[in-house]
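As a plain string of letters, each chain reads:
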Amino acid sequence: MKALIVIVCAAAAVLLLLFAVCAVVLNQLISLKTIPIPDFIYSLIAGNDGPDKFEQEAKEAQRHFETLPLESLSINSHGVILKANLLLPEKSNGILIIACHGARSSGLGEFAFEADYFYNNGFTVLMPEHRGCGISGGSFMGYGTHESKDTLLWLSYAEKRFPNLSIFLLGVSMGGATVLMTSDKISGSAVKGIIADCSYTSAWDEFAYQLKKSFHLPAFPLLYICDFLCRITAHYSFKDASPVKCVENSRVPVLFIHGKDDDFVPFYMEKELYDACGSEKEMIAVDGAVHARSYHQNSALYEQALNNFFKKYGSKTAEVLNSDK
């Protein structure tokens, strides 16, 4: 009997420790306010290294972006205040882009390097700030679950304010997953196409990949416990954040972009998303690009891919998009 009690107590202690570890992991994955953890743990995560001097260049690019004509917006989503920045060009080219940033980023930060491309070519750009990431309300990120629903609200706003503009959705990383998760829900809207840059197939797949790649651990039991805790605290499952399921019934053309050297969201996920997509589709692979750095790595290729996509599917295009660049 004593041996049984010891075994039960030891098992309970292990289980409590597992839940405690998973609670910390979940906090790092979804919470606005994260618990400080040692830097060496971050260094283990695959894909965290970016190009040399990237952070410095990104800050300078964002400062420049902030000098352009920007309008601050806000909407109410069931009691949560969502905010956005709107770039207004001197002369519109007939296209509005709703640009969705990645996890723990911001619109101005994520798309800072594209600022001059957007502004000089006449794009109107609406950049939502996702809930749980910063200046918008909310305590948790949803990896595309609630972000996609919020994006549909911003889409409704854009359609009412800019009824004569053709709309495209653009997203990077979690933002890419977000726009893909709207692809089966935008029937009858002004949306002409979606551009998804380095999206994962699902949050579950992404976290399982990181467990294996970075920590050499299987999905069970850690990911299962994290998902259980996520359903309790944030009311969604990692399996709900599944762009690969949504694109099966996509109602608009999709352009997939991914860096070949991405080992944060692995490059093979682009092919899986492309193969699953049920609408017209295109795929661009950027040599030498790590996660969310495809534009930085090869802006000429990136811009040409966008221009071709806009010309092909947009009902209105800028004169500059009709010229050879």
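Now for a description of the structure that goes with this document.

The rules behind the values
Position labels on residues start from 1 in each chain and follow its written sequence. Given that the model is predicted, a residue must reach a pLDDT of at least 70 before its local features are reported, and side-chain atom pairs must reach 80 or more before they are shown or counted; all residues, however, enter totals for whole chains, interfaces and linings. Just so you know, side-chain values use all the structure's heavy atoms and leave hydrogens and water out. What makes two strands pair is DSSP finding at least two bridges between them. Put simply, DSSP H or I for four residues or longer makes a helix, DSSP E for two residues or longer makes a strand, and each gets a number counted from the N terminus. The axes used here are C-alpha line fits, helices contributing only the stretch in contact, and every angle between their N-to-C directions lies in the interval 0 to 180 degrees. Patch building starts from residues that exceed 30% relative accessible area and form no salt bridge, then joins like charges within 9 Å and nonpolar side chains (Val, Leu, Ile, Met, Phe, Trp, Tyr) within 5 Å. Using a 1.4 Å probe, the Shrake-Rupley method yields the accessible areas, and only the shown protein chains count as cover for residues. By definition here, a salt bridge exists when the distance from a side-chain nitrogen of Lys or Arg to a carboxyl oxygen of Asp or Glu is within 4 Å. Only protein chains enter the calculation, and the probe is 1.4 Å; a residue is then buried if its accessible area is under 20% of its type maximum, exposed if over 50%, and partly exposed in between.

Here we look at the sheet that holds strand 7 (residues 254-259)
Spatial ordering of the open sheet is given by 1-2-4-3-5-6-7-8, a layout of eight strands whose pairing is mixed. In this open sheet, the two strands that pair with only one neighbour each are strand 1 (70-77) and strand 8 (281-286). In this sheet, adjacent strand axes meet at a mean angle of 20° when their direction is disregarded. In this sheet, strand 4 (residues 124-129) lies alongside strand 2 (residues 80-87) in antiparallel orientation, the contact comprising five bridges. Bridging from a neighbouring strand, Leu-86 pairs with Leu-126 of strand 4.

Some thoughts on a nonpolar patch on the surface
On the surface, Met-1, Leu-4, Ile-5 and Val-8 cluster together into a nonpolar patch covering about 440 Å² of accessible area. As for its placement among the helices and strands, Ile-5 is situated in helix 1 (residues 2-30). On the basis of relative accessible area, Ile-5 is assigned to the partly exposed category, the value being 45%.

A short note on the pairing of strand 1
Where strand 1 lies against strand 2, eight bridges are found, and the strand directions are antiparallel. Paired with Glu-71 across the bridge in strand 2 is Leu-86. Hairpin remark: strand 1 followed by strand 2, antiparallel, with two residues in the connecting loop; positive phi at His-78, about 55°.

Details of the pairing of strand 7
Burial runs high along strand 7: six of the six residues are buried. What you see with strand 7 is no split at all: Val-254, Phe-256 and His-258 on one side and Leu-255, Ile-257 and Gly-259 on the other are buried throughout. With four bridges connecting them, strand 6 (residues 191-197) and strand 7 associate as parallel partners. Looking across to strand 7, one finds that Asp-197 is bridged to Ile-257. One ladder, built from six bridges, connects strand 7 with strand 8; its direction is parallel. Bridge assignment links Leu-255 to a residue of strand 8, and that residue is Glu-282.

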